[in-house]
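Here is what each chain is made of, one letter per residue.
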Amino acid sequence: MACTIAITGKGGTGKTTIAGLIVTGLVAAGRTPVLAVDADPNSCLDEVLGVSARATVGSVREEARERSSSGALSGMARTEWLGLRIAESLVEAEGFDLIAMGRPEGPGCYCYANNVLRDVLARLAVNYPFTVIDNEAGLENLSRRIVRSVDLLVLTGDPSRRGLETVRRLYDLAVEMKISYKKLAIIINRLRNDAVPPDFNILRAAVPADYFLALPENADVAALAERGEGMAALPRANPVAAMMDGFITDVLA
Ligand SMILES: Nc1ncnc2c1ncn2[C@@H]1O[C@H](COP(=O)(O)OP(=O)(O)OP(=O)(O)O)[C@@H](O)[C@H]1O
Ligand SMILES: [Mg+2]
C-alpha cells in the first residue's frame, strides 16, 4: 500500500535535510520508486536530492490560468494541457521522482489552487510505494489538506529549550487542528557533542510519539550543504545517515 511521509516542524531545524535522507534511505533500502514532493516554495529539496526542478505545479497552474483568460485554452484542452505540463515538470532520477509544488497563491480562487495541488498529488502518488513530502515550517500545508492522509508525520526541532517547546506546541496544534496521521515521529536535530538536552525527556513524556530520534550535529552534513551537494553523497556509515537508516528500518518493520 502507498505510504505517505510528511515532514514539518520548526524553521531551519533540518526538515529538508531529513526529507532528503528519508528519500535516499528508502532508495538504498530498495523501496523504489519514491515520490519526493517539495511542498515548500522557499525550499530546495531538489538540491538536497542532487537534481534540479524547473517548473512547479503552481507555475504550471498559473500559466494555464493565464492561457484560459486569454481564450487560448478551455475545457478539456485545458485539463489535458495541465496534465501534460505537470507530467513534464516531474524530475526523474535513480530510484525516485521529484515534483515541486510551488506557490498555490496568485489571482483566482485559492481553493481551486489547493484542489489542483491535491489532485495532482493524489493522481501521482498511486504509482509510488512511498511519497515523502517536505513541507514549509509550521502546519500551514497540512492544514490545507493537500494530502488526503498522512501515514507518518515527522516533526523536527532543535535541542534548545525553546526548540523543544516549539515541537510540543506544534504537536498540540496538530491535535487541535485535527491533522490526521497514523504514526508520529519526533526528530530533534543538531545535538552538540551528542548530548541529549535535559528537557528531551520532558518532551517524551508530554508527546505520545511512536518514534523519538536525536540526531547529532555533523560536519559532513553541513559541508555537503555548503557545497550544494545532495545527501546521496553522504556515506551510509555517517552517524546521521546511519541513524536515519535505522529509523527507516524501524518504520518499515
Ligand atoms: N545534523 C546536521 N548537522 C549539521 N548540519 C545540519 C544538520 N541537519 C541540517 N543541517 C544544516 O542545517 C541547515 C538547515 O537545514 P534544512 O535546510 O534541512 O532545514 P529546514 O528545516 O528545511 O529549513 P527551512 O525551515 O528553511 O525549510 C542546512 O544548512 C543543513 O545542511
Ligand atoms: Mg526546508
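Residues numbered from 1 in each chain as written. Chains lettered and ligands numbered in written order. Predicted model: local features only at pLDDT ≥ 70, side-chain atom pairs only at ≥ 80, totals over all residues. Heavy atoms only, no water.

Caption draft 1: Spatial organisation of empty space enclosed by the protein. Enumeration according to the criterion identifies one cavity of 30 Å³ or more in this entry. Computed from the structure, the largest cavity encloses a volume of approximately 40 Å³. The wall of the largest cavity is formed by Ile-5, Ile-22, Leu-26, Phe-247, Ile-248, Val-251 and Leu-252. Listed by contribution, the elements that provide at least two residues to the lining of the largest cavity are helix H1 (15-28) and helix H10 (239-252). By residue number, the principal contributor to the lining of the largest cavity is H10, which donates four residues. Partitioned by chemical class, the residues of the lining of the largest cavity number seven nonpolar, no polar and no charged. (1 Å grid on protein atoms, 1.4 Å probe; cavity = no way out; pocket = protein on both sides within 12 Å on 5 of 7 lines; lining within 4 Å. Points joined across faces, edges and corners; volume = space filled by probe spheres on them. Helix = DSSP H or I, 4+ residues; strand = E, 2+ residues; numbered from the N terminus. Nonpolar A, V, L, I, M, F, W, Y, C, P; charged D, E, K, R; others polar.)

Caption draft 2: A look at the environment of Ala-209. As for its position among the elements, Ala-209 is in the loop between helix H8 (199-206) and strand E8 (211-216). Judged by its relative accessible area of 18%, Ala-209 falls in the buried class. In this structure, the C-alpha to C-alpha distance between Ala-209 and Ser-180, residues 29 residues apart in sequence, is 13 Å. (Buried < 20%, exposed > 50% of the residue type's maximum accessible area, 1.4 Å probe, protein only.)

Caption draft 3: Seen up close, the site of ligand 1. If you check the shell around ligand 1, you find 18 residues, and the closest are Gly-12, Lys-15, Thr-16, Thr-17 and Arg-190. Within the side chain of Lys-15, one N or O atom sits 2.7 Å away from an oxygen atom of ligand 1. Contact between ligand 1 and Pro-216: a nitrogen atom at 3.0 Å from a main-chain N or O atom of the residue. Coverage of ligand 1 by the protein amounts to 76% of the 630 Å² it exposes when considered alone. At a threshold of 2 Å from the grid points, most atoms of ligand 1 map onto the largest pocket. At the level of secondary structure, the elements contributing two or more residues to the shell around ligand 1 comprise H1, strand E7 (181-191) and helix H9 (219-226). Classifying every residue of the shell around ligand 1 gives five nonpolar, eight polar and five charged. (Near = heavy atom within 4 Å. Polar contact = N/O pair within 3.5 Å; in protein donor to acceptor, adjacent residues only side chain to side chain. Areas by Shrake-Rupley, 256 points an atom, 1.4 Å probe, with all protein chains shown as cover. Sits in = over half its atoms within 2 Å of the grid points.)

Caption draft 4: Broad picture of the sheet that holds strand E1 (residues 3-9). In space, the eight strands of this open sheet follow the order E3-E4-E2-E5-E1-E6-E7-E8, with mixed pairing throughout. In this open sheet, the two edge strands, each paired with only one partner strand, are strand E3 (91-92) and E8. Across five bridges, the pairing between E1 and strand E6 (residues 150-157) is parallel. Pairing of Ile-7 across the sheet is with Val-154, part of E6. Along the sheet, H1 makes contact with E1, strand E2 (34-39), strand E4 (96-100), strand E5 (130-135), E6, E7 and E8, crossing E5 at roughly 165 degrees. (Pairing = 2+ DSSP bridges. Contact = heavy atoms within 4.5 Å. Axes fitted to C-alpha atoms, helices over the stretch in contact; angles between N-to-C directions.)

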